[in-house]
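Listed below, chain by chain, are the residues.
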There are 2 protein chains.
Amino acid sequence: MDSRKLALLTDFYELTMNQIFYENQDHNQRVVFDMFYRKNPFNGGYAVFAGLQQLIEYIKNLNFSPEDIEYLRNLNVFDDKFLNYLKDFKFTGTIYAVPEGTVVFPKEPLIRIEAPIIQAQIIESAILNIINHQTLIATKAARVKWAAKNDTVLEFGLRRAQGPDASVYGARAAIIGGCDGTSNVLAGKKFNIPVKGTHAHSMVMFYEDELTAFRRFAKKYPDSCLLLVDTYNTLKSGVPNAIKVFKEMRDANIKPRLYGIRLDSGDLAYLSKEARKMLDDAGFKDAVISASSDLDEYLIQELKIQGAKISVWGVGTKQITAKDDPALGGVYKLVQIQNGEKGIPKIKLSNNPEKITNPGKKKVYRIYDKKTNKIISDFITLDNEHLDENSTLTLYDETHRWKVKTLKSGTYKLKELLVPIFINGECVYKTPPVMEIRNHCQRELNTLWEEYKRLTNPEVMHVCLSDNLYNLKEKLIYESMNSK
Amino acid sequence: MDSRKLALLTDFYELTMNQIFYENQDHNQRVVFDMFYRKNPFNGGYAVFAGLQQLIEYIKNLNFSPEDIEYLRNLNVFDDKFLNYLKDFKFTGTIYAVPEGTVVFPKEPLIRIEAPIIQAQIIESAILNIINHQTLIATKAARVKWAAKNDTVLEFGLRRAQGPDASVYGARAAIIGGCDGTSNVLAGKKFNIPVKGTHAHSMVMFYEDELTAFRRFAKKYPDSCLLLVDTYNTLKSGVPNAIKVFKEMRDANIKPRLYGIRLDSGDLAYLSKEARKMLDDAGFKDAVISASSDLDEYLIQELKIQGAKISVWGVGTKQITAKDDPALGGVYKLVQIQNGEKGIPKIKLSNNPEKITNPGKKKVYRIYDKKTNKIISDFITLDNEHLDENSTLTLYDETHRWKVKTLKSGTYKLKELLVPIFINGECVYKTPPVMEIRNHCQRELNTLWEEYKRLTNPEVMHVCLSDNLYNLKEKLIYESMNSK
């Protein structure tokens, strides 16, 4: 569990606003915020939700140290009353969220926070920072693993990640999304996930020649012996020297659990096919060919189409930074002000209709086809609505209301996506081990037809609004337009 | 100072290789590694070096805890002798590096590590992680600030950064590159850099109407009052309500140090010009118009060309993630094996000539024009060479040897770029405060002609090799090609 002090991991305006709420005695007013995103990353058909465990740790550790208070005091912006209040700050709100590894879609609440406004604001920046990052990388990894099909995918991005956290939590997210292991030892320790790796060019350069380096490696790691063959010349020296060492192992009756080569540069399609022939001809048909070199889901798919003989993929820079789309635009929006049992729903307008928020305290049902167990649609309702599998359900497209789908009772199953994480400040959720979250994610991906998972122009999942929510939204749009 | 335990922030192969070095009693062999990058980020003309202070803290804290050792033991890959060695591990090597905020170019050593091989390998991944990240963001920020000219640029990226570290160290790097402040309070505290911010849409939505929210804000922060005007309708409600509040302040004889509006959506060119007219007409010619909304250097330049009336730029996602090029490809290469006083230079070949390394222990001279104080070229020599300002200097282009430039004595000045950071494990360098590094960076950028700083197709700085280094490289290329 991470016990770093992150109370100040917040945008300055959260504190300046909060001082106003405090001074006007509004700070205990309970409100509801939604965290959601508007557009799937990578022009894909889904995202994989991740980061919840780090969010839980952040909330549990959330308090201002005396040094934090002193720092804020010295900014000469905050008065003593407000600073005294912060001294005793703790989170007492209620949080619902989607479990990690769940497949999610744009515009549906992934986290719902109900708390005094002052608390809900303080945690905004950290929630977005943590969830945006891990969800992005888990989604990227799911795409990479999808492209690699049944091959092994290893996360090798530490040296190109955007700082230590990006490498460690990025490795966690990559495993959740489907990677089989990481080179990041700290991530391995923190999250009990498999660590993998062999050797670098420097070891080959350090010894007098390549063969000596390979022999030393094979002697020490006879059970798992992947040799990096591109330091000098892949096909003229690297692969022949590797074969020489494999023959020596065979002659000595050493049977490795895993052995083979790693390609790290050059034309991976050509080199892997040539190397495969050389290895096969020498009788090493079970030798593995692994590759690493600026790989991502597109390149892996291309290499497979070209018949590359690679079955282990080391994926670095492009996955750990989500290079083609390196930020998930998750947002955090006020949707309701509580007022006793009832709530005053709130909306944020925008000239861009896509950016108008869904008002009110809400929940999300996922609708599955009973026969195939595939997702039909997600359905957002107000919190006080209840769907029933035994009635007919009508799904309207929000923008094009004439697009209607009717589901007969008995043909579909329902699941509520948001589960309780904190209730009145108490954590009520236990995060499963990362490898279990990974399994959950694989099951989740199985509930999506392949059409939603393909890399280019995937099918768009419909996220529908209940009639009550739709009507409320329309009403608030007109009210807001006219009254301000 | 960051005291996190990051010894395991390393790629697994560093440890597997090191066990081989240890077992063969090679681990104390001193070697030299260079850290450098091959291509300027963003197709730009330079990079701004950053991250050295975090590298220093990492090295100072570098030891394996009993839990680290236990974790490694349980992997069943490492034997007791090697694990015992790791228990007492500390860095005893020598590191030279370029000071932070320095303008740097491809292929020149930015960090030179001389240490026992086992130590030099352990630190590889963390060095690359830290320096690649901060150098990337500092470079991006320098470009953004260049586009904004004399305007204020604020770093607003916390919620979209790739995890907490990416936000905090990214904010640090952004300030080094030229940003004037950050919204990230934790970064403000850690690095004593200015924190800035106003309020969010949620505050406007929380109160019964926009005017009430604005009044509360102005009442609490009369001295620095920037009002966010796009929650409902920028020109119909936001700006008129802001003007109403500014008039109330004027009537009450309150003279803010800084006041104005923030635009966060819509057509910033049009809206800023219209808002400017409205503010001017109401007599608020000194009201500031700030803007934030997916900004980067290109959009800021475009908006300036369109005559946008914006003088404070809040830059978020695209700067904190370096969105158009989110990884600096810095590498770490073995260049020499020490052998008493002499060294055995090493080279790494590649089919791609750009990727062939520069062998040997080297240093870097920067050559300035004496009259203009602008950089003429960087000049890499072997460590035992000495340049002298009083002799004629001939600069050859490495690839096109016929491209020659001759500098007469007395017309140029020299500066060595690499300075000592650690000597035999002792830190001998004191990092200046971040705001001083920022000033250094501004002076550094002044040594570049504008042609190297423009956003598109900048001039390419020549980094030349001394004759000795060039000849050594040629010799090793032929030897390596023939002998392996």
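Here the structure is a predicted model, which is why all the values come from computation and not from measurement.

About the cut-offs
Residues numbered from 1 in each chain as written. Chains lettered and ligands numbered in written order. Predicted model: local features only at pLDDT ≥ 70, side-chain atom pairs only at ≥ 80, totals over all residues. Heavy atoms only, no water. Helix = DSSP H or I, 4+ residues; strand = E, 2+ residues; numbered from the N terminus. Buried < 20%, exposed > 50% of the residue type's maximum accessible area, 1.4 Å probe, protein only. Contact = heavy atoms within 4.5 Å. Areas by Shrake-Rupley, 256 points an atom, 1.4 Å probe, with all protein chains shown as cover. Lys, Arg positive; Asp, Glu negative; His and termini not counted. Charge placed at Lys NZ, Arg CZ, Asp CG, Glu CD. Buried area = accessible area lost by both parts, 1.4 Å probe. Salt bridge = Lys/Arg side-chain N within 4 Å of Asp/Glu carboxyl O. Polar contact = N/O pair within 3.5 Å; in protein donor to acceptor, adjacent residues only side chain to side chain. Phe/Tyr/Trp six-rings, centres within 6.5 Å; stacked < 30°, edge-to-face > 60°. Pairing = 2+ DSSP bridges. Axes fitted to C-alpha atoms, helices over the stretch in contact; angles between N-to-C directions. UniProt positions renumbered as here; feature names shortened; annotations may be inferred. Parallel < 35°, antiparallel > 145°, perpendicular 65-115°, else oblique. Nonpolar A, V, L, I, M, F, W, Y, C, P; charged D, E, K, R; others polar. Least-squares fit on C-alpha atoms with pLDDT ≥ 70 in both. Right-handed = clockwise from strand over helix to strand, strands pointing away. Core = buried A, V, L, I, M, F, W, Y, C linked by side-chain atoms within 4.5 Å. Domains from an automatic or database assignment. Expected span 1.5 Å × (residues − 1). Arc of directions from axis to C-beta.

## A closer look at the overall build of chain A
Working step 1: Tallying secondary structure elements over chain A gives 17 helices and 21 strands in all.
Working step 2: Oriented by its inertia axes, the alpha-carbon framework of chain A measures out at about 80 × 60 × 35 Å.
Working step 3: Evaluated residue by residue, chain A yields a buried proportion of 63% over its 484 residues.
Working step 4: Counting contacts in chain A only where the partners sit at least 6 residues apart, residues at least 24 apart contribute 73% of the total.
Working step 5: Summing over all exposed atoms, chain A offers an accessible surface of approximately 18400 Å²; the carbon and sulfur share of this is 47%.
Working step 6: Taking the average location of the 67 positive side-chain charges in chain A and that of its 60 negative ones, the two points are 4 Å from each other.

## Comments concerning the interface of chain A and chain B
Working step 1: Counting from both sides, the interface comprises 99 residues of chain A and, opposite them, 99 residues of chain B.
Working step 2: Summed over both partners, the interface of chain A with chain B comes to about 8700 Å²; 60% of that surface belongs to carbon and sulfur atoms.
Working step 3: Counting the surface chain A buries against chain B, the share from its top three residues, Arg159(A), Gln162(A) and Phe206(A), is 10%.
Working step 4: Taken together, chain A and chain B are joined by 16 salt bridges.
Working step 5: Between Asp79(B) and Lys220(A) there is a salt bridge; the shortest N-O distance is 2.7 Å.
Working step 6: Applying the counting rule to chain A against chain B returns 51 residue pairs in polar contact (both at pLDDT 80 or more).

## Points about helix α2 (residues 52–60) of chain A
Working step 1: When you tally the buried positions in α2(A), you get eight out of nine residues, the bulk of the element.
Working step 2: All of the buried residues along α2(A) are Leu52(A), Gln53(A), Gln54(A), Leu55(A), Ile56(A), Glu57(A), Tyr58(A) and Ile59(A).

## What to know about the packing of aromatic side chains
Working step 1: Taken as a whole and judged by the stated rule, the model has 32 aromatic pairs over all chains.
Working step 2: Judged by centre distance (5.9 Å) and plane angle (80°), the ring pair of Tyr259(B) and Phe284(B) falls under edge-to-face. With a gap of 25 residues between them, Tyr259(B) in strand β9 (residues 258–263) and Phe284(B) in the loop between α12 (268–281) and β10 (288–292) connect regions that are remote in the sequence. There is no split in this pair, since Tyr259(B) and Phe284(B) are both buried.
Working step 3: Ring pairing ties together the aromatic residues Phe12(A), Tyr22(A), Phe64(A), Phe78(A), Phe82(A), Tyr85(A) and Phe89(A), which thus form one cluster.

## Considering the sheet that holds strand β11 (residues 312–315) of chain A
All names here are of chain A.
Working step 1: The parallel open sheet is built from six strands, whose spatial order is β7-β6-β11-β10-β9-β8. The open sheet has two free edges, formed respectively by β7 (181–182) and β8 (224–228), since each of these has just one partner strand.
Working step 2: Taken together, the three bridges between strand β10 (residues 288–292) and β11 define a ladder with parallel strand orientation. Note on β11: the bridge partner recorded for Ser290 is Val312.
Working step 3: The sheet contacts of helix α11 (residues 234–251) involve β8 and β9 (258–263), and relative to β9 the element is tilted by about 170°.

## Details of the UniProt feature "domain: Nicotinate/nicotinamide phosphoribosyltransferase" (unreviewed entry) in chain A
Working step 1: In the numbering used here, UniProt assigns the feature "domain: Nicotinate/nicotinamide phosphoribosyltransferase" (unreviewed entry) to residues 154–339 of chain A.
Working step 2: Secondary structure content for residues 154–339 of chain A is 45% helix and 18% strand, while the C-alpha to C-alpha distance between its ends is 51 Å.

## Here's the deal with the sheet that holds strand β8 (residues 224–228) of chain B
All names here are of chain B.
Working step 1: Pairing is parallel across the open sheet formed by six strands, whose spatial order is β7-β6-β11-β10-β9-β8. This sheet does not close on itself; its edge strands, each paired only once, are β7 (181–182) and β8.
Working step 2: Here β9 pairs with β10 via four bridges, running parallel. Directly across from Gly260, in β10, lies its bridge partner Val288.
Working step 3: Its contacts with the sheet place helix α6 (residues 124–148) against β6 (152–155) and β11 (312–315), and it is angled at close to 150° to β6.

## Some thoughts on the packing of helix α7 (residues 164–177) of chain B against helix α15 (residues 434–446) of chain B
Residue and element names in this part refer to chain B.
Working step 1: At a closest axis distance of 7 Å, the pairing of α7 and α15 adopts a crossing angle of 40°. Relative to α15, α7 is oriented oblique. The segment α7 lies against α15, with Arg172, Ile175, Ile176 and Gly177 engaging Val434, Met435, Ile437, Arg438, Cys441 and Gln442.
Working step 2: Looking at the contact of α7 with α15 residue by residue, the class counts come to six nonpolar, two polar and two charged.

## A closer look at the relation of the copies chain A and chain B
Working step 1: With an RMSD of 0.0 Å, the fit of chain A onto chain B corresponds to turning through 180° and sliding 0.0 Å along the axis. Such a combination of rotation and displacement between the chain copies is what one expects of a two-fold axis. Among all C-alpha atoms of chain A, that of Asp165(A) lies closest to the rotation axis, at 2.7 Å.

## Notes on the pairing of strand β6 (residues 152–155) of chain A
Residue and element names in this part refer to chain A.
Working step 1: Note that β6 and β11 share four bridges and pair parallel. Residue pairing across strands places Glu155 opposite Val315, the latter belonging to β11.
Working step 2: Where β6 meets β7, two bridges bridge the pair, whose relative direction is parallel. Within the sheet, the bridge partner assigned to Leu154 lies in β7 and is Gly181.
Working step 3: Read as a crossover between parallel neighbours, the route from β6 over helix α7 (residues 164–177) to β7 is right-handed.

## Describing the side chain of Gln119(A)
All names here are of chain A.
Working step 1: Mapped onto the secondary structure, Gln119 falls in helix α5 (residues 117–122).
Working step 2: A relative accessible area of 4% places Gln119 in the buried class.
Working step 3: Residue contacts for Gln119: discarding those within four places in its chain leaves Phe89, Lys90, Phe91, Thr92 and Gly93.

## What to know about the nonpolar core
Working step 1: Counting residues in each nonpolar core, the largest one holds 312 residues, and the members touching the most others are Ile111(A), Ile113(A), Ile111(B) and Ile113(B).
Working step 2: Counting contributing residues per domain, this core is built from domain 1 (12–137 + 326–483) and domain 2 (140–320) of chain B, each supplying no fewer than three.
Working step 3: Setting aside anything within four residues of it in sequence, one finds Ile113(B) in contact with Val31(B), Val32(B), Phe33(B), Phe91(B), Thr94(B), Ile95(B), Ala120(B), Ile123(B), Ile127(B) and Tyr332(B).

## Quick notes on the pattern of salt bridges
Working step 1: Under the definition given, this model contains 73 salt bridges over all chains.
Working step 2: A salt bridge links Glu248(A) to Arg215(A), with the shortest nitrogen-to-oxygen separation between them at 2.7 Å. Note that Glu248(A) is positioned in helix α11 and Arg215(A) in helix α10 (residues 210–220), a separation of 33 residues in sequence.
Working step 3: Under the relative-accessibility criterion, Arg215(A) is labelled partly exposed at 38%.
Working step 4: Salt-bridge contacts for Glu114(B) lead to Arg30(B); the nearest nitrogen and oxygen are separated by 3.8 Å. You can see Glu114(B) sitting in strand β5 (residues 111–116) and its partner Arg30(B) sitting in strand β1 (residues 30–36), a full 84 residues away along the chain.
Working step 5: Look at the salt bridges and you will find they share partners, linking Arg30(A), Arg112(A), Glu114(A), Lys361(A) and Asp383(A) into a network.

## Brief notes about the environment of Leu328(A)
Working step 1: Tracing the backbone shows Leu328(A) in the loop between α14 (317–320) and β12 (331–339).
Working step 2: Placed 34 residues apart in sequence, Leu328(A) and Asp294(A) show a C-alpha to C-alpha distance of 21 Å.
Working step 3: Each residue touching Leu328(A), except ones within four places of it in the same chain, is listed here: Tyr37(A), Lys39(A), Pro41(A), Asn132(A), Thr135(A), Leu136(A) and Arg160(B).

## Here we look at unusual backbone geometry
Residues and elements named next belong to chain B.
Working step 1: Look at Asn76: it is not a glycine, yet its phi comes out positive at around 60°.
Working step 2: By the element assignment, Asn76 lies in the loop between α3 (66–74) and α4 (80–87).
Working step 3: The class for Asn76 is exposed, based on a relative accessible area of 71%.
Working step 4: Even without being glycine, Asn457 reaches a positive phi, approximately 45°.
Working step 5: Topologically, Asn457 is positioned in the loop between α16 (450–453) and β21 (463–465).

## Some remarks on helix α12 (residues 268–281) of chain A
All names here are of chain A.
Working step 1: Here α12 is 14 residues long and its end C-alpha atoms lie 19 Å apart, about the 20 Å a rise of 1.5 Å per residue gives.
Working step 2: Of all the residues in α12, the buried ones are Leu268, Ala269, Leu271, Ser272, Ala275, Arg276 and Leu279. The arc that holds the buried residues of α12, viewed along the axis, is 165°, so those residues lie on one side.
Working step 3: Looking at the buried residues of α12, the elements they touch are α11, β9, β10 and α13 (297–305).
Working step 4: The backbone nitrogen of Ala269 has a side-chain oxygen 3.2 Å away, supplied by the residue at the start of α12, namely Asp267.
Working step 5: Just downstream of α12 lies Gly283, where phi reads positive at about 90°.

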